[in-house]
Structure formats: C-alpha cells, structure tokens
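Each chain is listed here by its residues.
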Amino acid sequence: MQDDLFFLGVTLMTNLRGYSNCSNITMASKLPPPPIVNPKRKNFLGQPAPQGYVAGVGRGATGFTTRSDIGPARDANDVPDDRHPAPAKRKKDDEEDLEEDLNDANYDEFAGYGGSLFNKDPYDKDDEEADAVYEAIDERMDEKRREYREKRRKEEIEKYRQERPKIQQQFSDLKRELCAVSEDEWKNIPEVGDARNRKQRLHGRREKFTPLPDSVLTRNLGGESGTSIDPKSGLASAFPGMLTPTGDLDLRKIGQARNTLMDIKLNQVSDSVSGQTVVDPKGYLTDLQSMIPTYGGDINDIKKARLLLKSVRETNPNHPPAWIASARLEEVTGKLQAARNLILRGCETCPHSEDLWLEAARLVPVDTAKNVIAQAVNHLVNSVKLWIKASELEQDMKAKKRVFRKALEHIPNSVRLWKAAVELEEPEDAKILLSRAVECCPTSVELWLALARLETYENARKVLNKARENIPTDRQIWITAAKLEEAHGNTTMVEKIIDRSINSLAANGVEINREHWLKEAVDAEKSGAVLTCQAIIKFVIGHGVEDEDRKHSWLEDADNFTSQGAFECSRAVYSHALEIFPAKKSIWLRAAHFERQHGTRDSLESLLQRAVAHCPQAEVLWLMGAKSKWLAGDVPAARSILSLAFQANPNSEEIWLAAVKLESENWEYERARKLLAKARNSAPTPRVLMKSAKLEWHLGDLGEALKQLQTAIEQFPDYPKFYMMQGQIHGLQQRMTLARDSYSLGTKKCPTSVPLWLLLARLDESQGNMTRARSVLEKARQKNPQNPQLWLEAIRLEWKTGLKDIASAMMAKALQDCPTSGLLWAETIFLVDRPQRKTKSVDALKKCEHDPHVLLAVSKLFWTERKTQKCREWFNRAVKIDPDFGDAWGYFYKFELLHGTAEEQNDVKKRCVQAEPRHGEVWTTISKSPQNWRAKTEDILLLVAEALPVPV
C-alpha cells in the first residue's frame, strides 16, 4: 500500500512540475493553450477567514458574536491568545518577489517566462505532501549513489595523498639512509649558506661585545683579591656567595676542573653496578640503527593493529598466537623492549605453549634466553624443540652433549634428539649411543641404518637382520643390505636380497610402487652400487606393466634414465628388454645408439655381436659393427664382419656398397673395382651402377665412367643421377653441347627431378643464354609447381642480371605460391634494404619459426649488426633444430674463427664431426666435388667455412 501511495505521489508531482513549463508550450505553439487557472477565480478563495470576519457585513448584514467566538473573559495583563493571529503584512520585497517578472530579460523563446505559475496560490496540505514525496525520492536516489560517491571520494583522497605526500613522508627514506654515512662524509658536508640579504645578515653583527680581561673579574669579586680552587675540596665558584676565598683566582685550573667533572660523569655513565659497559663507543651507531623503525607503512595501521591485538589478548589471554603477534608487531616497529615484555607476559599467562617460549628465547638476549629456556623446560619437559633450542644456546660442546643427554632421559623415544646427540659424538661413542637409540626407537629406519654404517661387516649384517625383524615393511633396509653385500664383493647375494625384499614386502601387504623403486635404482647408481641398481631394475621394471605395453614403457624408462644421467640404469633397462625381446631390431638399434653416445667402443662392439647373432638379416647392425672396427683402425676385422654379413644377406646392396667404401677409403681401388664388378653382376641396382661410375670418375678414368653411365641409362632410364653425372663429366671435358643434351634428355625422362632442371638452367646461364635459362626455369615450375628451389633460382637469376624490381616482384609471387618456405623467407631478408631486414626477419619467424634456413638468416642478420652473443645463440638454435644442415655449421664455424676463442672453435668442430651433416647448398657443392671425394667431415667444414662469405 505504501509503495502504491509512493508511486502515485511521484506521478502526481511529475504532472505538477510539468505545468510549470506550460509557458514553453504557449510560446512554441500558435494555438492558445487551455487555461490552467481560471482568471475569474479570486485570490482569497481557499484561504482561512481573517479574525473578526462576518459574512455579508459589507452589504449591511448584521452578525452576532457568542462566547465561543471571543473566548472567556481575560484580564488586561493576561497573555494574548495567539491561536488566531492576524495575517502578517507582507513586506515590500516579498510582494515584489511574488509579483510575476514580465521583463524581456526573463523571456526565452522556447521556455517562455521564468518562474513558477503557482507562486500566488496557497501552500496547502497537498503541496506539503508532494514536497515530502519529492524529498523521499531525493533521499532514495541519494542512497543509491552514496556508496559509490563515498568510495570515489576516498579514492580521490588517497590518490591526492600519493601524488602530494607530506614532506615528512617524502624524506623518511632519506633519513633512514643516513645510518650508512661515515664520519668522514659527515665532516665533508659543506655548511649551509645564508640566503638572507646583506642587511639581515649584518643586523646581528652590529652589537659587538668585547670580553673583559681577568683583572676586571678579579676586582669585582666583592672586595676579595682573588680565589683559587682546591681540587681536593670539590668544585668552587668564581662568584661571590659561592666561594670560600683561599687565594688568587686561576682560570686555567677552572678549565681543568671542568674537564675533571666531565670525566667523572662519563665514567658514571659508562659503568653500571654490575660492571658491564652501558655505553659502547663502537656499537653506538649500531644501537642507533636498531632503534630506527624498520616498518615503513602508515602509523595508523600500527595503532589499529595494536588495538586489535590488545583486544584479543584481553578477551582470550590464553591464546598464544595473540601474544606472539603482538610481540612481533612491536619488533617490526622497532620497539624491541616492548616486544620482550609482551612475550614474557605471554609466557607467564600461557606457560604450556611451546611456541611462546621459543619466541621469547628468540627475542631476548642470549644470557636471558638460557634462563627463559630453563623455565620453559620446567613447564614442558617433553618438548623436543625446547631441548634443541637449549642446546643451540650453549657454546661449549660438552654443554651441548649434557643438554641432549638430559633431554633423552625425559624423552627417550625421540628420534630427532637421538640423531642430534649422535652427530656430536665421535664414531665409537656414536656407536654406543646408536645401540641404545635403536632399543628406545626400534621403528626408526634412519637409526638402524646409521648403526649399520658404523659397524663392521658381520655386525652390520646382524644389525640389518634385526632391523628387518622390527620393521618388515621398509624397503630401505633391504636395499642397504644389498649395497653392503656388493661393497664387500658378495655379488651373488645382491640379486637374491632384492628378490627376497620384493616378495617379503608383498607378503606384508606393502604396495610395490614402481616409481619409488626406480628412483632408488638411480640413487644406488649415484652411490656407486651398480649391481644393486641393475638388480632393482631387473625385478621391478616389469611390475605393474601390461604385456602389450612393455616394449614402449621400457624404452621410455631408458630415455628418462638417460636424461637424468643414470646411464647404468638405462643400460640395465636395455639389457632386460633384449632378454625379453631378443628378435626386436628396433631395441637393438636403440641400445647400439646409446652405447655409441654414452658407452665405450668395446661395449658397442660386444652389443653389436650379440645383435647380429639374434638379428642376422638386419643389415644396419652389420654395417655399424664394421664401421666401428674401421674407425678403430682394424680394417681386417671390418672386412671379416662384412664377409659374415654377405653370408647372412647375399646380394645386399648396402653391404656391397659398404665393402666398396671400406676398400676405397683404404686405398684399395682394385679390390673396390672387383667388388663393384661382382655387385653389378649379382645385384645390378641403380646405386651400384652409380657408385661404379663415380669410382671411375674419381680415379680419373672419365671414358670408363661415361661408358658405364651409358650402360646404366639403358638399364634404368628413369634414374636422374645418371644424367646429372653424365652432363657434369661432359662439362669437365668442355663439351657443353653434349652436357646440355644429357640434361635435356634427363628432364624429359625425369621431369620431377628438380636438380636436373637446376643444372640445365645453370649451364645456360654460364653460356650467357639468360633467356633460355628463364624459359627452362619457367618450364620447370610448370612441371613442378610450388617448388621453392625453382623459385629461388629464378629470383637469383634476375638479381644477377641487375633486374632487382623484377626479382622483388617474383619473390612476392613465390611467397604467395609457397607461403611457408623457409628457403624463400631467408632469401627475402637479405634482398630488402638494411632498415627493412629486421621487419622481414620478424615476418619470417612468424611464418617459419622452426625452419633452419630462417634461423640461419637471423643469425647472419645479428652478425651484420655486431651482436655476437645473440648471433651465437641463434647459430646454436639453428644447428640444434637441424644437425644435418651443413651450411649452418659452416657459417657457425666461420663466425667462431672471427669472433670466438679457440675453445669455442674446437667445440663447434667437434659437434659438427659428431653430427656428420650431408645437406646444404654450399656443403653439397664442396663435399661432392671430385677432388674432395675422400675428405672427412672436419676437412669439408674447413673448406665450407673458407668458401662462405661474411654477411653484409
């Protein structure tokens, strides 16, 4: 009901306020508005009748008055009745205000005349009610915005205080830093200059006083000729009434007496009753520093915190955290003594709180802390922390031992106390203590193991047996026993102990957690117990693993161990996996790669011998064994391995080619030719025919090489490398027409071979036929769309001829055709001007973040900007992403030759030899050159670094 009345009042007053704007409507509209007020209505209608009014008296009507009209009889001195006062006369100003202002200055074309239309109307109850409704509305609207307004005002005040802090707050941190100013720096501070004008500065100097001589002071001593000071009789004054005249006045002795008095006062201050020094000259500044509050917050927050904590303490005095928080608050604000007093009161109130006593021991000085801890131990005799704190407060080793022994009398089952006590003893005494400790704490594994370490071999075995009896559910005791047997050469017992441990723990209901046991294996390897590590892996590696997941899970475990540096654990995993899966070629390969990286040559060769015995058809295993023997310099052994490989894999192309390479690398060219002749007869594959022609080419017999290549083309016309080699040999013989015919025939037979198209275009370019080279590349792009190598060759061709605009336009088309080609993006970076290279490199990284060509281009960009550290980082990133990219290794090594140390150069060379890169534009050009056919990786790296230009 109230809400209905409220909204009804709102509607009513809205309509009434709308009436005040009716003049606007009158001025805006040409039609006369309907009359709001009747002009014939008199002003006095609706108003109360004046006192003594009689209706009709003006027209001669006669009224009558009764007692009720005039009231009871009143004396002249009575207080007049003001219940019906006469209407007060309006002042002239009020009348002027009530009159309507019809001046032109008060007129508006849209709103009309200003003011209210109802000023002359009486203010009745409806108006009062409407005003009350409006006030209620205003209050309600104000309440809605009050919270936001107050919050905003508060934020503005805080912002104002932060922007315009007080001077005291601005210099508080600078005052705090004055503690670090030395005495010499204080003395070197210049005097503050006087900023006053000359008149103000000289005002105080106009009154000059001249000191009187001693004779004047002597004559004015009240008739006495002089006085002297007897040092034994105390101090004397040089003025009348305070001096016993004994002789002449000596002002020098007055100064001596003053010094004597100062010395006496300083001695009294420096020494207390107990003889301790109260004022320490060396620590005086340190004491001043400790008096400076370390809290830099608002002081009002501290006061509020004090009041809150005080209320908590008074409400619940037996609540220890309240006392601790109060003491720490005082400590933070620099009132250390107040903190000590509070914490000691808290200890008296809550004597059974361990934390309170420890906090009190921390706050009070060391000597007092001993007394505090002594009182604490009396109240809490079974508190381990208090006893340990008591031992920490002692400086003498004997006193520490005495404290621990006293503590163990009260708390004999505390493992922590026993361990702390044992650490202070010598080995023999520690052994005695540990023998007593395991009796008091038979379930502590650490105490049993510590005792076993101190005992002899036989006694240690007995101790561990007792430990297993008392704690049958802990694996540490079994693993320690296995380590003990391994350390004393009893290797046969290691696997038995680990096997028994797993069975015993399972019988006692202990879950065999595979991850925990494997971690124990890693710890055993780090401690030197290799056999224990291998035994743990052997009996635990298959626990909780499904049969179909064993291979995958075990290989993951081996990789995890390798990443942790636990190579023996990895070797044990591979060994166990090969026992279960002896015919799996992938496991043998993983194990062989592991041995090659982290093992020795002997371990690798023994593993490969076992591998070829179980997997004789795995050619790669035979080849790895032969290569290992060849790198070791044992060529006959490598030949024997390859002969065995021939028996296991007759007519194997890989084994034939490996044998040929072995003979050719060891200068046995005739044997290599015979092997290739046999291979051509027994296994005439394209690679065998290519290697035969290549051997003749490298040996200088170009005619025989061309003859073999012609035979090979007749047998395998769709093998592109035959046409490449034939054209290159013709090019060496300067028979360019035959070379072009070979390349052209190859592009017809093998249109998808990009290297053939590139060789043909380069041949035309070298002959000066740019138009023909362009047409060849255009035709190649039609046969092989979206190929970045062909686009790059065409762009470089236009750039070499000086048509840079055409090259840029062609690059834009190439990037549209191959938007993710790192080869093109890398070339784009150095095609643009120097200021735009950085932007292009960012775009290239967005498109090809992990492309080695882009990373190499960014490295070269940093090289041109002389940012050596960043350049080195990006080179490392490039060779890490693609170790087979030879050009990156060449640039990296050239960079280190110019900007690196000898150690860094050797590191890059070593990593490159280990990676054995085979690809790269410049790398392949040099490595496949006939004169470098026997060069090793290290030699090729040097040649590539020499051939590569320094980026500009």
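Every value quoted in this text rests on a predicted model; they were computed, and no experiment measured them.

### A few points about the packing of helix α49 (residues 902-915) against helix α51 (residues 937-947)
Here α49 crosses α51 at 125 degrees, and the two axes come no closer than 9 Å. The angle between α49 and α51 falls in the class oblique. For the pair α49 and α51, the crossing hand works out as right-handed. Residues Lys909, Cys912 and Val913 of α49 form the contact with α51, whose own contacting residues are Thr937, Glu938 and Leu941. Looking at the contact of α49 with α51, its residues break down into three nonpolar, one polar and two charged.

### Quick look at the pattern of salt bridges
Tallied over the entire structure, the rule returns 26 salt bridges. Arg152 serves as the salt-bridge partner of Glu156, at 3.4 Å between the closest nitrogen and oxygen. One end of the pair is Glu156 and the other is Arg152, both in helix α5 (residues 125-163) and four residues apart, which spans about a single turn. Glu156 sits in the partly exposed class, given a relative accessible area of 47%. Judged by relative accessible area, which is 46%, Arg152 ranks as partly exposed. In this structure, the salt-bridge partner of Lys800 is Glu765, at a minimum N-O distance of 3.5 Å. One end of the pair, Lys800, is in helix α42 (residues 788-800); the other, Glu765, is in helix α40 (residues 754-766), with 35 residues separating them in the sequence. In this structure Lys800 comes out as exposed when scored by relative accessible area, which is 59%.

### Considerations on helix α16 (residues 354-363)
For α16, the full list of buried residues reads Leu356, Trp357, Glu359, Ala360, Ala361 and Leu363. On its buried face, α16 is in contact with α14 (320-332), α15 (336-349), α17 (366-379) and α18 (384-393).

### Some words on the packing of aromatic side chains
Enumeration over the complete set of coordinates arrives at nine aromatic pairs. When the ring of Trp863 is compared with that of Phe895, the centres are 5.4 Å apart and the planes differ by 85 degrees; the resulting orientation is edge-to-face. Of this pair, Trp863 sits in helix α46 (residues 852-864) while Phe895 sits in helix α48 (residues 886-899), and the two are 32 residues apart along the sequence. Residue Trp863 is classed as buried on the basis of its relative accessible area of 3%. Clustering of aromatic rings is evident, with ring pairs tying together Trp863, Phe875, Phe892 and Phe895.

### Looking at a positive patch on the surface
A contiguous patch of positive charge on the surface is contributed by Lys661, Lys691, Lys721, Arg918, Lys928 and Lys936. Examined against the element boundaries, Lys691 turns out to sit in helix α36 (residues 686-698).

### Some thoughts on a negative patch on the surface
A surface patch of like charges, here negative, comprises Asp124, Asp126, Glu128, Glu129, Asp131, Glu135, Asp138, Glu139 and Glu143. Position of Asp138 relative to the elements: it lies in helix α5.

### Re the side chain of Glu520
The topology assignment puts Glu520 in helix α26 (residues 514-526). Owing to a relative accessible area of 9%, Glu520 belongs among the buried residues under this scheme. Setting aside its immediate chain neighbours within four residues, Glu520 contacts Arg475, Gln476, Ile479 and Ile536.

### Considering the side chain of Thr480
Tracing the backbone shows Thr480 in helix α24 (residues 475-487). A polar side-chain atom of Thr480 sits 2.7 Å from the main-chain carbonyl oxygen of Gln476. Excluding its chain neighbours within four sequence positions, the residues that come into contact with Thr480 are Leu449 and Leu464.

### Focus: the confidence of the model for the protein chain
For the protein chain, per-residue confidence averages 76 on the pLDDT scale, and residues scoring 70 or more make up 78% of the total. Per-residue pLDDT stays below 50 along residues 1-37; that stretch engages in 30 contacts with residues further than four places along the chain or on separate chains. In this model, residues 287-293 is a region of pLDDT below 50 whose contacts with residues beyond four sequence positions or in other chains number six contacts.

### Points about the packing of helix α38 (residues 720-732) against α40
Relative orientation of the contacting elements α38 and α40 amounts to 20 degrees, with a least axis distance of 9 Å. Between α38 and α40, the interaxial angle falls into the category roughly parallel. Both α38 and α40 take part in a crossing whose hand is left-handed. Side by side, α38 and α40 meet where Pro720, Tyr723, Met724 and Gln728 of the first sit next to Pro755, Leu756 and Leu759 of the second.

### Digging into the nonpolar core
Within the largest apolar cluster, 125 residues are counted, with the highest numbers of intra-cluster contacts made by Leu417, Trp517, Ile537, Phe561, Cys569 and Leu621. No fewer than three residues from each of domain 1 (299-459) and domain 2 (472-581) sit in this core. Residues within four places of Leu621 in sequence aside, it is in contact with Trp588, Leu589, Leu608, Ala611, Val612 and Cys615.

### Some words on the environment of Gly544
Along the polypeptide, Gly544 turns up in the loop between α27 (530-540) and α28 (550-563). The class of Gly544 is exposed, set by a relative accessible area of 78%. When the C-alpha positions of Gly544 and Ile512 are compared, they lie 8.8 Å apart, and in sequence the two are 32 residues distant.

### Concerning a nonpolar patch on the surface
Residues Ile167, Phe171 and Leu174 make up a contiguous nonpolar surface patch of roughly 300 Å² in combined accessible area. Assessed through its relative accessible area of 42%, Leu174 is described here as partly exposed.

### As for the environment of Val530
With respect to the helices, strands and loops of the structure, Val530 is situated in helix α27. A C-alpha to C-alpha distance of 9.6 Å links Val530 and Ala572, two positions 42 residues apart in sequence. In this view, Val530 contacts Glu486 and Glu568; residues no more than four positions away in its chain are not counted.

### Remarks on unusual backbone geometry
Residue Gln786 is not a glycine yet carries a positive backbone phi of 55 degrees. Note that Gln786 resides in the loop between α41 (770-783) and α42. Gln786 sits in the exposed class, given a relative accessible area of 54%. Non-glycine residue Glu916 carries a positive phi angle of around 55 degrees.

Calculation rules
Residues numbered from 1 in each chain as written. Predicted model: local features only at pLDDT ≥ 70, side-chain atom pairs only at ≥ 80, totals over all residues. Heavy atoms only, no water. Axes fitted to C-alpha atoms, helices over the stretch in contact; angles between N-to-C directions. Helix = DSSP H or I, 4+ residues; strand = E, 2+ residues; numbered from the N terminus. Parallel < 35°, antiparallel > 145°, perpendicular 65-115°, else oblique. Left-handed = near helix turned anticlockwise from the far one by under 90°. Contact = heavy atoms within 4.5 Å. Nonpolar A, V, L, I, M, F, W, Y, C, P; charged D, E, K, R; others polar. Salt bridge = Lys/Arg side-chain N within 4 Å of Asp/Glu carboxyl O. Buried < 20%, exposed > 50% of the residue type's maximum accessible area, 1.4 Å probe, protein only. Phe/Tyr/Trp six-rings, centres within 6.5 Å; stacked < 30°, edge-to-face > 60°. Patch = residues over 30% accessible without salt bridge, like charges linked within 9 Å, V, L, I, M, F, W, Y side chains within 5 Å. Areas by Shrake-Rupley, 256 points an atom, 1.4 Å probe, with all protein chains shown as cover. Lys, Arg positive; Asp, Glu negative; His and termini not counted. Charge placed at Lys NZ, Arg CZ, Asp CG, Glu CD. Polar contact = N/O pair within 3.5 Å; in protein donor to acceptor, adjacent residues only side chain to side chain. pLDDT = per-residue confidence, 0-100. Core = buried A, V, L, I, M, F, W, Y, C linked by side-chain atoms within 4.5 Å. Domains from an automatic or database assignment.

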